[in-house]
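# Structural features, examined
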There are 2 protein chains.
Amino acid sequence: MSELTDFSKLCVHTITTKPWSVEEAMDRYAAAEIGGITVWRQWLDGRDIEKTGERMRANGLEVVSLCRGGFFPASDQKGIDEAIADNRLAIHEAAALGAPMIVLVCGAVPGQPLTESRKQIADGIAAVLPLAEEHGIKLAIEPLHPMYADDRSAINTMASANAVCDELDHPLVGIAADVYHIWWDPDLEEQIQLTGAKNRLFAFHVCDWKTPTTDFLNDRGLMGEGCIDLKGIRAMVEATGFEGFNEVEVFSERWWARDQDEFLGKIKKAYLDFC
Amino acid sequence: MSELTDFSKLCVHTITTKPWSVEEAMDRYAAAEIGGITVWRQWLDGRDIEKTGERMRANGLEVVSLCRGGFFPASDQKGIDEAIADNRLAIHEAAALGAPMIVLVCGAVPGQPLTESRKQIADGIAAVLPLAEEHGIKLAIEPLHPMYADDRSAINTMASANAVCDELDHPLVGIAADVYHIWWDPDLEEQIQLTGAKNRLFAFHVCDWKTPTTDFLNDRGLMGEGCIDLKGIRAMVEATGFEGFNEVEVFSERWWARDQDEFLGKIKKAYLDFC
């Protein structure tokens, strides 16, 4: 296999091929010689999680991460406690699946000051860290685009994610950098360099930003369909020494409505052409 | 008139009451004892601009600004030249109207590096500055939310706007701060303080961010309908010594479909309650 057709560092998120069950996804990804799979938790509903992970590895797939934990902020203690309990459950699930990492969509409460939400996020991660240590599970804070600052995440820039990492200062706490959320940031290169210096860049997610974008959640583009400088950002990421996967995370009603085998072929081509 | 019912520092953008012509808008705003009006350029189509401005002042309205110039970046020199010509036209229109300021939505070209667009923006402003000087018209860079970084503005934070102002270093070049675009920014207070220290905070626009927001352009909330800490941001702005207007700029299909007199009443109430 030539380098140009090497998909060993390509990972696909199960939500990218939403119409497929976790069994269909792992079989098709493996048949396509894709190296990695990131599993969204709802894909594990009703499954024996350990056996699911074993079957992935038997298929030659590396389990890259479990999506997602987080959503720590809440307006009362009950909500905060429930979030921590759910994140502990996610750590147990990741351990059972054999996933070395959980991606954190950190959460926000509309109307609650973002500074308070950021404090609750740091406190929430600190609360689950002992269990993460016990199982050796990394926790990757994913800064979310500022358009999600109302109810999905109060961590909206790499700088803000780096600040939480600095505060917690723990080798299991790092960052998942997703181009969709951070491509516009004038400080991007500097902040990615900082993640390298601190050895905390845990994951790299790719997709594209379409013009126009017509839905806040489910109108992402496949790499090459939009305006993001994917090669440029990938170069910044690799300059830190990052050797992990390029994880394709595309939420798209448009793509989900298409034949998923055809879509998987387009993902592979886009990975070669644009990443 | 008590302080609690003083609308002398309330300004409404003509686009906020989109169903109204400029004549209807100025008559209704004046009848409602609102102090200021910001005029969107398309409202002046087919009008004698000088007479329109005179009629506003005769009605007791202060013309706060003309919206909008900008859109400087382009993929070729022809596009750049056309943008500069249009901004010169906007300066002539502002002078005719008697507006002391033009708000700049700076522009971006999908796929063009944001660094290049930012350079074209600074160059474009520099190119029109001599004409702005001649007429004494301020140019207010409005940082736009990062969700508009693809095709509406490469200036997406107060820090980025401050950087362009630093580069141009001219008393007529400043910033229009709109809560919708900047409310999520962890550096907001620091960057607003900087605009104060540099005497460049020219305008303050208010509205709100709804949860959920269902349209990228025309689903803004009236103050109080969303999650923005309006009182907090207004306090940051006033701490710089800013004594200008609170300009209500709400793009909303929902509000435009309602009776506009009723809406204007709600704007006044929201201004008192939330700003």
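Before reading further, recall that the structure is shown in the block above.
Scope of this entry: the structure provided in the associated data block. (Residues numbered from 1 in each chain as written. Chains lettered and ligands numbered in written order. Predicted model: local features only at pLDDT ≥ 70, side-chain atom pairs only at ≥ 80, totals over all residues. Heavy atoms only, no water.)

## So, the relation of the copies chain A and chain B
Rotating chain A by 180° and translating it 0.0 Å along the rotation axis places it on chain B, where the RMSD comes to 0.0 Å. Here the transformation between the copies is reduced to the relation of a two-fold axis. Both copies share a contact surface, since 100% of the interface residues of chain A are interface residues in chain B too. (Least-squares fit on C-alpha atoms with pLDDT ≥ 70 in both. Contact = heavy atoms within 4.5 Å.)

## Observations regarding the side chain of Gln 120 of chain A
All names here are of chain A. Turning to its location among the elements, Gln 120 is positioned in helix H4 (residues 114–135). For Gln 120, a relative accessible area of 11% translates into the label buried. For Gln 120, the residues in contact, after removing those within four places along its chain, are Phe 72, Pro 73, Ala 74, Ile 80 and Gln 112. (Helix = DSSP H or I, 4+ residues; strand = E, 2+ residues; numbered from the N terminus. Buried < 20%, exposed > 50% of the residue type's maximum accessible area, 1.4 Å probe, protein only.)

## Details of the environment of Asp 273 of chain A
Inspection of the secondary structure assignment puts Asp 273 of chain A in helix H10 (residues 260–274). Sequence separation between Asp 273 of chain A and Glu 190 of chain A is 83 residues; the distance between their C-alpha atoms is 26 Å.

## Re the sheet that holds strand E7 (residues 201–206) of chain A
Adjacent strands of a sheet pair through backbone hydrogen bonds, lying either parallel or antiparallel. Residues and elements named next belong to chain A. The 8 strands are arranged E1-E2-E3-E4-E5-E6-E7-E8 in a closed barrel whose pairing can be described as parallel. Taken pair by pair, the neighbouring strands of this sheet meet at an average axis angle of 30°, ignoring direction. As judged from the 3 bridges shared by strand E1 (residues 10–13) and strand E8 (residues 246–248), these two strands associate in the parallel manner. Bridge pairing links Leu 10 to Asn 246 in E8. Helix H3 (residues 77–97) contacts strand E2 (36–40), strand E3 (62–70) and strand E4 (101–105) of the sheet and is inclined by roughly 175° relative to E3. Strands in contact with helix H8 (residues 230–239) are E7 and E8; relative to E7, the strand with the most contacts, it is inclined by about 170°. (Pairing = 2+ DSSP bridges. Axes fitted to C-alpha atoms, helices over the stretch in contact; angles between N-to-C directions.)

## A few points about the nonpolar core
Grouped together as the largest cluster of nonpolar side chains are 208 residues, with contacts concentrated most on Ile 125 and Ile 141 of chain A together with Ile 125 and Ile 141 of chain B. In this structure, Ile 141 of chain A is in contact with Leu 104, Cys 106, Ile 125, Ile 155, Ala 161, Val 164, Cys 165, Val 173, Gly 174, Ile 175 and Ala 176 of chain A, ignoring residues within four places of it in sequence. (Core = buried A, V, L, I, M, F, W, Y, C linked by side-chain atoms within 4.5 Å.)

## Observations concerning the pairing of strand E7 (residues 201–206) of chain B
Residues and elements named next belong to chain B. Buried residues dominate E7, accounting for 6 of its 6 residues. In the sheet, strand E6 (residues 173–178) pairs with E7 via 4 bridges, with the strands oriented parallel. If you follow Ala 176 over to E7, its bridge partner there is Ala 203. As judged from the 3 bridges shared by E7 and strand E8 (residues 246–248), these two strands associate in the parallel manner. Paired with His 205 across the bridge in E8 is Glu 247. Since E7 and E8 lie parallel, the crossover through helix H8 (residues 230–239) that links them has a hand, and here it is right-handed. (Right-handed = clockwise from strand over helix to strand, strands pointing away.)

## Overview of the pattern of salt bridges
Residue and element names in this part refer to chain A. Applying the stated criterion to the full structure yields 34 salt bridges over all chains. As a salt-bridge pair, Asp 27 and Arg 55 come within 3.1 Å of each other at their nearest N and O atoms. Placement of Asp 27 in helix H1 (residues 22–31) and of Arg 55 in helix H2 (residues 49–58) is noted, with a sequence separation of 28 residues between them. Judged by its relative accessible area of 34%, Asp 27 falls in the partly exposed class. One salt bridge in this structure joins Arg 28 and Asp 261, with 2.6 Å as the shortest N-O distance. Here the residue Arg 28 occupies a position in helix H1, and Asp 261 occupies one in helix H10, the gap between them amounting to 233 residues. Several salt bridges converge on common partners, so that one network encompasses Arg 41, Asp 86 and Glu 93. (Salt bridge = Lys/Arg side-chain N within 4 Å of Asp/Glu carboxyl O.)

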